[in-house]
Amino acid sequence: MKSDTHEQFGGHLSETARIWRNKLDQRLRPLGLSQAKWMAIIYLSKQGDGLMQRELANLLGIEGASLVGLLDRMAQDGWIERREVPEDRRCKSVHLTERAHDLSREIKSVAATLRGELLEGLSAEEIRCCERVLSHIKQRAAQI
């Protein structure tokens with residue numbers, strides 16, 4: 001029985017993350033944002049301006065070549081600007097525009113509303129327990 005529980009856990013975790021992301025994507029689509037764009041804006045907003053392109057690619061889980069096309073479109077749309085790094089001209093840092101900073105606040109507001117809806121009915125202790133489990137899994141994954 002224990003192995004069945006363990007076997008299903010990864011699937012539930014993956015499916016829940018996918019569904020949550022897709023629900024948020026549906027709510028952000030009217031803002032003209034693809035999932036890749038809003039995720040990039042949120043990562044840049046959370047990590048602080050001036051992330052290196054390779055760091056952003058790692059956070060988004062995409063290859064550097066795929067990121068270049070995304071950043072080209074985002075720069076054209078006025079969401080980001082890329083700057084040369086004085087210490088290494090081969091590297092570029094990515095910065096949100098003021099327009100994107102405003103949008104990141106709207107994205108966070110929409111995400112907070114959805115989070116409240118999805119977590120409705122769960123106690124604070126249930127959520128803390130889930131956070132402990134997820135934290136443990138992340139730590140174990142980093143160790144192995």
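On a predicted model such as this, the values are computed, not experimentally measured, just so you know.

A. Quick look at the sheet that holds strand β1 (residues 51-52). Here three strands make up an open sheet; going across it, the order is β1-β3-β2 and the pairing antiparallel. Edge positions in the sheet fall to β1 and β2 (80-85), since each of these pairs with one other strand and no more. Here helix α2 (residues 35-47) sits on the sheet and contacts β1, β2 and β3 (88-96); the angle it forms with β3, its principal contact strand, is near 100°. This element, helix α4 (residues 64-76), spans β2 and β3 of the sheet and lies at about 120° to β2.

B. Expanded view of the nonpolar core. Within the largest apolar cluster, 26 residues are counted, with the highest numbers of intra-cluster contacts made by W38, I41, L56, M74, W79, I80 and I107. Elements with a contribution of two residues or more to this core: α1 (2-28), α2, α3 (53-60), α4, β3 and α5 (98-119). By residue number, the principal contributor to this core is α2, which donates six residues. Discounting residues that sit within four places of it in the chain, I80 has contacts with L44, L71, M74, A75, V94, H95, L96 and T97.

C. Representation of the confidence of the model for the protein. Here the protein shows a mean pLDDT of 91. Residues at 70 or above account for 97%. Highest mean pLDDT in the protein belongs to helix α6 (residues 124-143) (96); lowest belongs to β3 (87).

D. Representation of the pairing of β3 within the structure. Alignment of β1 against β3, held across two bridges, turns out to be antiparallel. The residue of β3 that forms the bridge with L51 is V94. Relative to β3, β2 runs antiparallel, the two sharing six bridges. Within β3, the position partnered with R82 by the bridge is V94. From the end of β2 to the start of β3, which pair antiparallel, there are two residues.

E. Structural detail: the packing of α2 against α3. Taken N-terminus to C-terminus, the directions of α2 and α3 make an angle of 115°; their axes are 10 Å apart at the nearest point. Seen along the crossing, α2 lies across α3 with a hand that is right-handed. Each of M39, A40, Y43, L44 and Q47 in α2 lies in contact with α3, whose residues at this interface are L56, L59 and L60. Class assignment of the residues belonging to the contact of α2 with α3 gives a composition of seven nonpolar, one polar and no charged.

F. Representation of α4 in the model. Here α4 contains 13 residues, and its C-alpha end-to-end distance of 18 Å stays within 8% of the 18 Å for a straight helix at 1.5 Å per residue. All of the buried residues along α4 are L67, L70, L71 and M74. Along α4, the residues classed as buried sweep out an arc of 100° about the axis, all on the same side. Among the exposed residues of α4, those oriented more than 90 degrees off its buried face are A65 and Q76. In this fold, the buried residues of α4 make contact with α2, α3, β2 and β3. Just downstream of α4 lies G78, where phi reads positive at about 85°.

Conventions and cut-offs
- Residues numbered from 1 in each chain as written.
- Predicted model: local features only at pLDDT ≥ 70, side-chain atom pairs only at ≥ 80, totals over all residues.
- Heavy atoms only, no water.
- Pairing = 2+ DSSP bridges.
- Helix = DSSP H or I, 4+ residues; strand = E, 2+ residues; numbered from the N terminus.
- Contact = heavy atoms within 4.5 Å.
- Axes fitted to C-alpha atoms, helices over the stretch in contact; angles between N-to-C directions.
- Core = buried A, V, L, I, M, F, W, Y, C linked by side-chain atoms within 4.5 Å.
- Buried < 20%, exposed > 50% of the residue type's maximum accessible area, 1.4 Å probe, protein only.
- pLDDT = per-residue confidence, 0-100.
- Left-handed = near helix turned anticlockwise from the far one by under 90°.
- Nonpolar A, V, L, I, M, F, W, Y, C, P; charged D, E, K, R; others polar.
- Expected span 1.5 Å × (residues − 1).
- Arc of directions from axis to C-beta.

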